[in-house]
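Each chain, letter by letter, is given below.
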Amino acid sequence: MVTKKTRSKMWKVLLVIPFFIAIGGTDDCVPTTYGGDKIVCVCNATYCDTVPEKEPLQNGTFYSYTSSKAGLRMNVRKGEINSCQQKLGSVTLTIDSTKKYQKILGFGGAFTDSAGININKLSNATQEQLLRAYYDPVKGSGYSLGRIGFGSTDFSSRFYTYDDHPDDAELKYFSLATEDYKYKIPYMKKALELNPKTKFFAAIWSPPVWMKTNNKPNGGFLKIEHYATYASYITKSVAAYTSNNITIWAVSTGNEPLNAYIPFDRLSSMGWTPGTVATWVADYLGPTLAASGHGTEILALDDQRIELPWAVDSMFNNEKAKDYISGVAVHWYADFISSPQVLDKTHNNHPDKFILLTEACEGTGLGPHVDLGSWDRGQAYILSIIEYLNHWSVGWVDWNLALDKSGGPNIIDNYVDSPIIVNPENDEFYKQPMYYALQHVSKFIDRGSQRISITDTIDIKSTAFTTPSNEVVVVLYNKNFIPRNVILKDSKKGSICVELPAYSMNTIVYKQ
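Please read all numbers here as calculations on a predicted model, not as lab measurements. (Residues numbered from 1 in each chain as written. Predicted model: local features only at pLDDT ≥ 70, side-chain atom pairs only at ≥ 80, totals over all residues. Heavy atoms only, no water.)

Undergrad: Describe in detail the nonpolar core, supporting the description with residues and values.
TA: Soluble, globular proteins show a tendency: their nonpolar side chains are buried together. Ranked by size, the top nonpolar core spans 122 residues in total, and within it Phe150, Tyr241, Ile248, Trp280 and Trp396 carry the most contacts. For Tyr241, the contacting residues outside a window of four places in its chain are Ile148, Phe150, Tyr162, Leu176, Asp180, Lys184, Ile185, Met188, Ile246 and Ile248. One finds Ile95, Ile452, Ala464 and Ile496 within the second-largest nonpolar core, a separate group that totals 19 residues. (Core = buried A, V, L, I, M, F, W, Y, C linked by side-chain atoms within 4.5 Å. Buried < 20%, exposed > 50% of the residue type's maximum accessible area, 1.4 Å probe, protein only. Contact = heavy atoms within 4.5 Å.)

This is the structure we're talking about:
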């Protein structure tokens with residue numbers, strides 16, 4: 001809860017906004033502490049912290065942005081290249097822009113029903129602030145991807161599909177749901193206004209139950225007689241969104257099909273084997289989507305990376321299916337038992353197919369679902385982002401854009417955390433460290449950026465990119481409980497010396 005002291009500080013900040021604007025300054029975080037170093041930044045209808053607009057970079061200069069466990073949030077400093085001396089204990093990281101890897105697609109989050117329900121509880125002005133915080137390339141994080149569910153997910157208030165009329169094989173009763181028009185489409189359109197480059201992709205948790213072998217939302221398999229029906233159902237879903245001026249760039253073959261094999265699992269799901277999904281894509285979904293003219297691409301897997309590379313290898317034994325599939329969608333929940341090397345193997349086996357992390361969130365374990373201000377959860381995000389980017393992922397997509405203080409709503413009480421938590425009682429929302437972990441990447445690494453070589457160490461994790469605007473972006477995380485001095489050595493530009501605070505996220509930008 002926001003204290004009187006915090007509110008007083010917020011109003012003091014509001015009074016000096018014109019002064020900051022006049023000198024080209026920044027709108028700083030208004031912090032609230034939830035014990036120790038657990039800090040959130042409070043935003044409301046009239047105020048939200050932003051990253052300062054930088055002056056155009058000149059050759060020989062760089063900008064450094066820092067967020068730390070101690071409380072810094074996107075603190076910016078300007079420095080000069082080749083203006084420092086090596087300090088005792090400095091770590092040197094070597095950048096080689098001649099070694100190039102994958103191009104970046106983007107970063108984003110999911111427009112779930114729950115996110116829409118929570119955003120809808122805020123005033124219009126505060127809703128604007130929240131969506132701007134994510135999708136505005138100038139004042140926000142510059143998100144360029146958005147994920148949705150065709151039909152309900154567990155983060156909905158009820159189970160529904162777009163055709164819940166039994167045995168409607170001709171899909172005569174197909175229609176979008178109230179939730180699409182109230183909680184998804186309006187906010188997706190706003191995201192597009194803020195960033196017209198935004199690409200949306202979709203997944204289905206469960207098709208209409210009458211298409212499935214068990215006639216239930218959770219588990220079961222697609223009846224063979226409905227292979228064509230389901231392909232038409234997905235194509236109709238794409239067309240319905242298109243008619244509402246929302247282009248669906250891609251659809252996956254289904255959210256977390258492995259869950260269908262878990263006894264008594266309550267998550268809406270439908271099982272596939274690599275062989276059956278390949279047959280369905282090759283003979284039904286691929287041709288049906290292609291004939292529709294929407295240009296919608298297909299993502300395989302949409303599940304844990306423990307299934308890599310074997311499941312994708314098996315699927316791609318079907319050459320027709322492989323031709324229709326553009327990329328592999330991966331979730332992070334089982335990463336603790338699966339090495340990132342499986343991403344490398346998948347890329348090496350199928351270099352013409354991209355890899356995209358499509359879902360991640362904290363709060364799924366035994367601890368609190370929502371842990372306001374948790375730096376550990378922000379650290380988990382930034383380390384995962386760096387890891388995935390360094391192992392061929394073309395982006396990283398978070399789960400719910402916004403949840404309430406309980407981590408919901410959720411049909412099966414599967415509550416989790418979110419980078420933004422909504423407090424409608426005070427018409428405000430809280431930016432957590434997870435939000436800034438993504439912002440340190442998404443704001444600076446534009447679509448079309450290309451990963452380049454950089455070394456790292458056990459305690460200083462790094463990734464680096466060249467951007468379409470001819471800048472070099474370096475993202476660093478200091479895992480140490482003490483500050484570390486780092487030298488970035490670029491053979492083309494020289495050396496940059498920065499001090500990384502203890503437990504800090506850092507983004508350094510300079511001209512290529």
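Undergrad: Lay out the pattern of salt bridges with the relevant residues and their values.
TA: A full pass over the atoms with the stated rule returns 21 salt bridges. With its nearest N and O atoms 3.3 Å apart, the salt bridge here joins Arg147 to Asp302. In this pair, Arg147 sits in strand β7 (residues 145-149) while Asp302 sits in strand β10 (residues 297-304), placing the two residues 155 residues apart along the sequence. Residues Arg147 and Asp302 agree in their burial class; the two are buried. We note a salt bridge from Lys405 to Glu425, for which the minimum N-O separation is 3.9 Å. Of this pair, Lys405 sits in the loop between β13 (393-400) and β14 (420-423) while Glu425 sits in the loop between β14 and β15 (428-431), and the two are 20 residues apart along the sequence. For Glu425, a relative accessible area of 60% gives the class exposed. Taken together, the salt bridges that share partners define one network made up of Glu128, Arg132, Asp136, Lys190 and Glu193. (Salt bridge = Lys/Arg side-chain N within 4 Å of Asp/Glu carboxyl O. Helix = DSSP H or I, 4+ residues; strand = E, 2+ residues; numbered from the N terminus.)

Undergrad: Quick one: what's the story with the pairing of strand β11 (residues 325-331), residue by residue and with numbers?
TA: On any regular strand, side chains alternate: one points to one face of the sheet, the next to the other face. Burial of β11 is extensive: seven of the seven residues sit out of reach of the surface. Relative to β11, β10 runs parallel, the two being bridged by six bridges. The partner of Ala300 across the bridge, within β11, is Val328. By the bridge criterion, five bridges tie β11 to strand β12 (residues 354-359) in an arrangement that is parallel. When the bridges of β12 are listed, His331 appears paired with Glu359. Handedness of the β11-helix α10 (residues 341-349)-β12 crossover: right-handed. (Pairing = 2+ DSSP bridges. Right-handed = clockwise from strand over helix to strand, strands pointing away.)

Undergrad: Break down the confidence of the model for the protein for me, with residues and values.
TA: On average, residues of the protein score 94 in pLDDT, and 95% of them are at 70 or above. Taken together, the stretch residues 1-25 has pLDDT below 50 and engages in 27 contacts with residues farther than four places along the chain or on a different chain. (pLDDT = per-residue confidence, 0-100.)

Undergrad: Can you tell me about the environment of Pro196, naming the residues and giving the values?
TA: Examined against the element boundaries, Pro196 turns out to sit in the loop between α5 (178-194) and β8 (199-203). By relative accessible area, Pro196 is classed as exposed at 65%. For the pair Pro196 and Asp136, spaced 60 residues apart in sequence, the C-alpha to C-alpha distance is 9.8 Å.

Undergrad: For the sheet that holds β11, give the residues involved together with the corresponding values.
TA: Read around the closed barrel, the eight strands follow the order β6-β7-β8-β9-β10-β11-β12-β13; overall the barrel is parallel. Taking the axes of each pair of neighbouring strands and ignoring which way they run, one obtains an average angle of 30° across the sheet. Relative to the sheet, helix α11 (residues 375-390) contacts β6 (106-110), β11, β12 and β13, its axis offset from that of β13 by approximately 150°. (Axes fitted to C-alpha atoms, helices over the stretch in contact; angles between N-to-C directions.)

Undergrad: Before we move on, could you go through the pairing of strand β21 (residues 504-511) and cite the residues and values that matter?
TA: Among the eight residues in β21, seven count as buried, and that is most of the element. The sheet contact formed by strand β3 (residues 61-68) and β21 spans seven bridges and is antiparallel. Within β21, the position partnered with Ser68 by the bridge is Ser504.

Undergrad: Lay out the state of the cysteines with the relevant residues and their values.
TA: Counting across every chain of the model gives three disulfides. Sulfur-sulfur distance for the disulfide between Cys29 and Cys41 comes to 2.1 Å. In this structure the cystine formed by Cys29 and Cys41 twists about its S-S bond by roughly -100°; its chirality is therefore left-handed. Note that Cys29 is positioned in the loop between α2 (17-22) and β1 (31-33) and Cys41 in strand β2 (residues 39-44), a separation of twelve residues in sequence. Classification of Cys29 as buried rests on a relative accessible area of 17%. In this model Cys84 forms its disulfide with Cys497; the gap between the sulfur atoms is 2.0 Å. Between Cys84 and Cys497, the S-S dihedral sits near 65°, and the bridge is therefore right-handed. Placement of Cys84 in the loop between β4 (75-80) and β5 (91-103) and of Cys497 in strand β20 (residues 494-500) is noted, with a sequence separation of 413 residues between them. Cys84 gets classed as partly exposed once you look at its relative accessible area, which sits at 31%. A relative accessible area of 24% means that Cys497 is categorised as partly exposed. Disulfide connectivity for the protein, with bonded cysteines indexed by sequence position, reads 1-2, 3-4, 5-6. (Disulfide = S-S within 2.5 Å.)

Undergrad: Can you explain the sheet that holds β14? Please cite residues and give values.
TA: Judged by pairing direction, the sheet is antiparallel, and its four strands sit side by side in the order β1-β2-β15-β14 without closing on themselves. The open sheet has two edge strands, β1 and β14, and neither has a second partner. The sheet shows a mean angle of 35° between the axes of neighbouring strands, direction not considered. Where β2 lies against β15, four bridges are found, and the strand directions are antiparallel. Residue pairing across strands places Asn44 opposite Glu428, the latter belonging to β15. Along the sheet face, helix α4 (residues 124-135) touches β2, β14 and β15 and points at about 20° away from the line of β15.

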